[in-house]
Amino acid sequence: MKIFFYILIILGLISCQSNNNQKVLGKEKNSKSKDLIGTWGLSNYLDSIVATKEVAKYRLQSPSWFGILIEIEEDSIKTNGSIIEIETKLLNKKDTLAIFDSWVGKWMLLKKQKNLILKQFPNQENIDSSIYTYNRRDDLKEMTEHLDSVNNFSSSMTKYLNKEIISGTYLNLKTTTKVVFLENGKLNGIGNFTEFEVRNYFGTLHPHKNLDVLFLINETEDLVQHYNWRFEDNNLVLTKFENEIINRNGKDAITDDFVLGKETIKLKKVY
């Protein structure tokens, strides 16, 4: 009888120890997920655009098509890109957090210290040997929380580019008029235009020869004009686009593309 009693005590202790181990392991697993939960931004795209004040050339990076921002939850990942979105499971592997497989190719998302790394799987049709970095960007979380019902993430990116690249107060070097590009997309000081919008190069239609585009808008008059922008030191130079004209069968024909014209506006940034 005593032996049976001692066996029960030992089994009880083993059971308690096992339950404690399960709780600890579960806590560690949840803790690991919590370290990843949040918004992550493609540094090669977002940081490069802000640093160089250029957009068009960075759209050619394949990950920008599907993964400008990544949102990680406890067991899933959602990407936001210039063409598509991807939703997939968060993997429980040691290094690989997720695999993105679409017409853009097959990519693996890896954890590396405080950042995430995106690498292309080998033997892909379009080889991209670049290594892409994601930084934690919880400051950009609202870009995926308050989406436009029509343009979704595209509108959020346009607002971001308006603010980070163009917004500010300038002086028109020719007329000495003050020109103000407000962070909310409103415009004062250039003709009768009341709004502006940076072309974010989302989608697949690109008629501006991969040049950076700024739309000047007057919705009341249903007027939109296309300008190329570039920064020269502290000056913002706007060059008006014109319809491309080609010779077709001995006659001039207007195409759907645009080329740079001769009309320019030079603005010096004041603040």
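So, here's what we can say about the structure. Values in this document were obtained by computation on a predicted structure and should not be read as measured data.

## So, the overall build of the chain
So, step 1. Each helix and strand counted, the chain has five helices and 16 strands in total.
So, step 2. Buried residues in the chain amount to 41% of all 271 residues.
So, step 3. If you take every contact in the chain between residues at least 6 apart in sequence, the share linking residues at least 24 apart comes to 45%.
So, step 4. As displayed, the chain has an accessible area near 16500 Å², and 50% of this comes from carbon and sulfur atoms.

## Quick look at the pattern of salt bridges
So, step 1. Counted by the stated rule, this structure contains 10 salt bridges.
So, step 2. Taking the shortest distance from any N to any O, the salt bridge between Asp47 and Arg137 comes out at 3.7 Å. Of this pair, Asp47 sits in helix H2 (residues 43-52) while Arg137 sits in the loop between strand S8 (132-136) and helix H4 (142-145); the two residues are 90 residues apart in sequence, bridging distant segments of the chain.
So, step 3. Of the charged contacts, one joins Arg136 and Asp138 as a salt bridge, the two residues approaching to 3.3 Å between their closest N and O atoms.
So, step 4. Looking at Arg136, the relative accessible area reads 33%, which means it is partly exposed.

## Observations concerning the side chain of Asn218
So, step 1. Topologically, Asn218 is positioned in strand S13 (residues 213-218).
So, step 2. A polar atom in the side chain of Asn218 sits 2.5 Å from the backbone oxygen of Asn192.
So, step 3. Once residues within four sequence positions are removed from consideration, Asn218 is found in contact with Asn192, Phe193, Thr194 and Leu223.

## Section: helix H5 (residues 153-166)
So, step 1. Across its 14 residues, H5 extends 19 Å between first and last C-alpha, which sits within 8% of the 20 Å expected from 1.5 Å per residue.
So, step 2. Of all 14 residues in H5, 11 are buried; the element is thus mostly enclosed.
So, step 3. Among all positions in H5, only Phe153, Ser154, Ser155, Ser156, Met157, Thr158, Tyr160, Leu161, Asn162, Ile165 and Ile166 are buried.
So, step 4. Gly168 sits one or two residues past H5 and shows a positive phi near 150 degrees.

## Structural notes on H2
So, step 1. Buried within H2 are the following residues: Ser43, Tyr45, Leu46 and Ile49.
So, step 2. Looking at the buried positions of H2, the neighbouring elements they touch are strand S1 (38-42), helix H3 (62-66), strand S2 (69-72), S8 and H5.
So, step 3. In the segment just after H2, Lys53 is the residue with positive phi, at about 55 degrees.

## Quick notes on the nonpolar core
So, step 1. Counting residues in each nonpolar core, the largest one holds 52 residues, and the members touching the most others are Phe100, Leu109, Met157, Phe181 and Ile190.
So, step 2. Of the residues forming this core, the biggest block, six residues, is contributed by H5.
So, step 3. Among the nonpolar cores identified, the runner-up in size contains seven residues, and Ala56, Val213, Phe215 and Ile217 belong to it.

## Points about the environment of Gly168
So, step 1. Tracing the backbone shows Gly168 in strand S9 (residues 168-172).
So, step 2. Residue class for Gly168 comes out buried when judged on its relative accessible area of 15%.
So, step 3. Separated by 14 residues in the primary sequence, Gly168 and Leu182 place their C-alpha atoms 6.4 Å from one another.
So, step 4. Residue contacts for Gly168: discarding those within four places in its chain leaves Val179, Val180, Phe181, Lys269 and Tyr271.

## Regarding the pairing of S1
So, step 1. By the criterion of burial, S1 is predominantly enclosed, with five of the five residues buried.
So, step 2. Pairing of S1 with S8 involves three bridges; the strand directions are antiparallel. Bridge pairing links Gly41 to Asn135 in S8.

Rules behind the numbers
- Residues numbered from 1 in each chain as written.
- Predicted model: local features only at pLDDT ≥ 70, side-chain atom pairs only at ≥ 80, totals over all residues.
- Heavy atoms only, no water.
- Helix = DSSP H or I, 4+ residues; strand = E, 2+ residues; numbered from the N terminus.
- Buried < 20%, exposed > 50% of the residue type's maximum accessible area, 1.4 Å probe, protein only.
- Contact = heavy atoms within 4.5 Å.
- Areas by Shrake-Rupley, 256 points an atom, 1.4 Å probe, with all protein chains shown as cover.
- Salt bridge = Lys/Arg side-chain N within 4 Å of Asp/Glu carboxyl O.
- Polar contact = N/O pair within 3.5 Å; in protein donor to acceptor, adjacent residues only side chain to side chain.
- Expected span 1.5 Å × (residues − 1).
- Core = buried A, V, L, I, M, F, W, Y, C linked by side-chain atoms within 4.5 Å.
- Pairing = 2+ DSSP bridges.

So, to be careful, I would describe these as geometric facts and stop short of saying anything about function.
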